[in-house]
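Given next are the chains, with one letter for each unit.
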Amino acid sequence: WLFCMLMLIAGFWGGFTYSLRGRVFVNAQTGNLVFLSLGIASWDTALIKNALATFLAYFLGIITAELISKEINKVSFLIWERILLFFSLIVTICLGFIPETAPFEFTNFSIAFTAAMQFNTFERAHGMGMATPFCTNHVKQASANLIRFLKTRDSNKLRISLSHLSMILSFVTGATLSIFLGKIFLGKAIWLSSFFILITLYFFSKSLKTYKIKKVK
């Protein structure tokens, strides 16, 4: 459930920034590098700035998470994950107050930085590698494991395939919601992702308490 929620949020952010904040992908940096190249080739300075800001934010987000996550988790079990979710909540709440006339880079940099830290932090679920900000690996794993199940009848392969399909469905749901609500509420639509993050943080913290109680017993 945790990764489904994170994929829902990532899809929401992707749809939000593409439809309302300069048509860039805060999650998929391959696409942003294409936009950056397109901007350079046509000398579209607005596109160059937006794509470059998003790419640099993602780059810095990975570095930040890599530098501090393990050190912070030495203080308490999975405390970095909770801090990151709380940070994501604060960022998205603040972004809802940014006027529509503000440069897109403010929003895109903030979301890309946060998405990158999530990508570097939440990596595995039930022993399976999971990417939270984009779907390419989920498409590969869902299709490949479906074929493996059909060949071997190994139910574990089917479980893996369905797990990755649920990630894709969550992402599409989030993106669809953001694009639809963005037409009505514009930038304030980002607050729905704040609500999703709050739910995720609550149940993640609750599950950790349950885990610690069981461990003590």
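The preceding data block contains the structure.
Let me sum up the structure you'll find in this document.

**Re the overall build of the protein**
Across its full length, the protein carries 8 helices and 2 strands. Reading the helices (α) and strands (β) of the protein from amino to carboxyl end gives α-α-α-α-α-β-β-α-α-α. Scaling as 2.2 N^0.38, a compact globule of 217 residues should have a C-alpha radius of gyration of about 17 Å, and the protein matches this with 18 Å. If you line up the protein on its principal axes, its C-alpha atoms span 60 × 45 × 35 Å. The buried share of the protein, reckoned over its 217 residues, is 45%.

**What to know about the pattern of salt bridges**
Taken as a whole and assessed by the stated rule, the structure comprises 2 salt bridges. With its nearest N and O atoms 3.1 Å apart, the salt bridge here joins Arg21 to Glu100. Of this pair, Arg21 sits in the loop between helix H1 (2-20) and helix H2 (29-42) while Glu100 sits in the loop between helix H4 (79-95) and helix H5 (104-121); the two residues are 79 residues apart in sequence, bridging distant segments of the chain. Between Lys70 and Glu66 there is a salt bridge, with the nearest N and O atoms lying 3.8 Å from each other. Residue Lys70 and its partner Glu66 are located together in helix H3 (residues 45-73), separated by 4 residues, close to a single helical turn. Of the residues examined, Lys70 reaches a relative accessible area of 55% and is grouped as exposed. Residue Glu66 is classed as partly exposed on the basis of its relative accessible area, which comes to 44%.

**Description of the environment of Thr114**
Structurally, Thr114 is set in helix H5. On the accessibility criterion, Thr114 (1% relative accessible area) is buried. For Thr114 and Leu85, which are 29 residues apart along the polypeptide, the C-alpha to C-alpha distance reads 9.2 Å. Those residues within four positions of Thr114 in sequence are excluded, and the remaining contacts are Trp13, Phe87, Ser88 and Val91.

**Examining the packing of H4 against H5**
It is the contact of H4 with H5, at a shortest axis distance of 11 Å, that shows an interaxial angle of 165°. Relative to H5, the element H4 lies roughly antiparallel. Pair H4 / H5 crosses with left-handed handedness. Taken together, the residues of H5 that come into contact with H4 (itself represented by Trp80, Glu81, Leu84, Phe87, Ser88, Val91 and Leu95) are Phe106, Thr107, Ser110, Ile111, Phe113, Thr114, Met117, Gln118 and Thr121.

**With respect to the state of the cysteines**
In the structure shown here, the tally under the stated rule is 0 disulfides. Residue Cys135 stays outside any disulfide, its sulfur separated by 11 Å from that of Cys4, the closest cysteine. The buried category is assigned to Cys135, whose relative accessible area is 16%.

**Concerning the nonpolar core**
Trp13, Ile111, Phe122 and Ile190 are the most contacted members of the largest nonpolar core, which has 40 residues in total. If you list the elements that add at least two residues to this core, you get H1, H3, H4, H5, helix H7 (155-185) and helix H8 (190-216). Membership of the second largest hydrophobic core comes to 5 residues, among which are Phe35, Leu47, Ile48 and Ala51.

**Details of the packing of aromatic side chains**
All chains considered together, the criterion is met by 9 aromatic pairs. Ring geometry for Phe25 versus Phe35: centroids 5.5 Å apart, planes at 20°, classification stacked. Taken as a pair, Phe25 in the loop between H1 and H2 and Phe35 in helix H2 lie far apart in primary sequence, 10 residues in all. Classification of Phe35 as buried rests on a relative accessible area of 17%. Taking 6.4 Å as the distance between ring centres and 35° as the angle between the ring planes, the aromatic pair formed by Tyr58 and Phe119 counts as tilted. Of this pair, Tyr58 sits in helix H3 while Phe119 sits in helix H5, and the two are 61 residues apart along the sequence. Among the residues examined, Tyr58 registers a relative accessible area of 8% and is labelled buried. Connected via pairs of aromatic rings, a cluster forms that spans Phe12, Phe195 and Phe196. Over the face of the ring belonging to Phe149 we find Arg153, whose NZ or CZ atom lies 5.6 Å from the ring centre.

Conventions adopted
Residues numbered from 1 in each chain as written. Predicted model: local features only at pLDDT ≥ 70, side-chain atom pairs only at ≥ 80, totals over all residues. Heavy atoms only, no water. Helix = DSSP H or I, 4+ residues; strand = E, 2+ residues; numbered from the N terminus. Rg over C-alpha atoms; globule rule 2.2 N^0.38 Å. Buried < 20%, exposed > 50% of the residue type's maximum accessible area, 1.4 Å probe, protein only. Salt bridge = Lys/Arg side-chain N within 4 Å of Asp/Glu carboxyl O. Contact = heavy atoms within 4.5 Å. Axes fitted to C-alpha atoms, helices over the stretch in contact; angles between N-to-C directions. Parallel < 35°, antiparallel > 145°, perpendicular 65-115°, else oblique. Left-handed = near helix turned anticlockwise from the far one by under 90°. Disulfide = S-S within 2.5 Å. Core = buried A, V, L, I, M, F, W, Y, C linked by side-chain atoms within 4.5 Å. Phe/Tyr/Trp six-rings, centres within 6.5 Å; stacked < 30°, edge-to-face > 60°. Lys NZ or Arg CZ within 6 Å of the ring centre and 35° of its normal.

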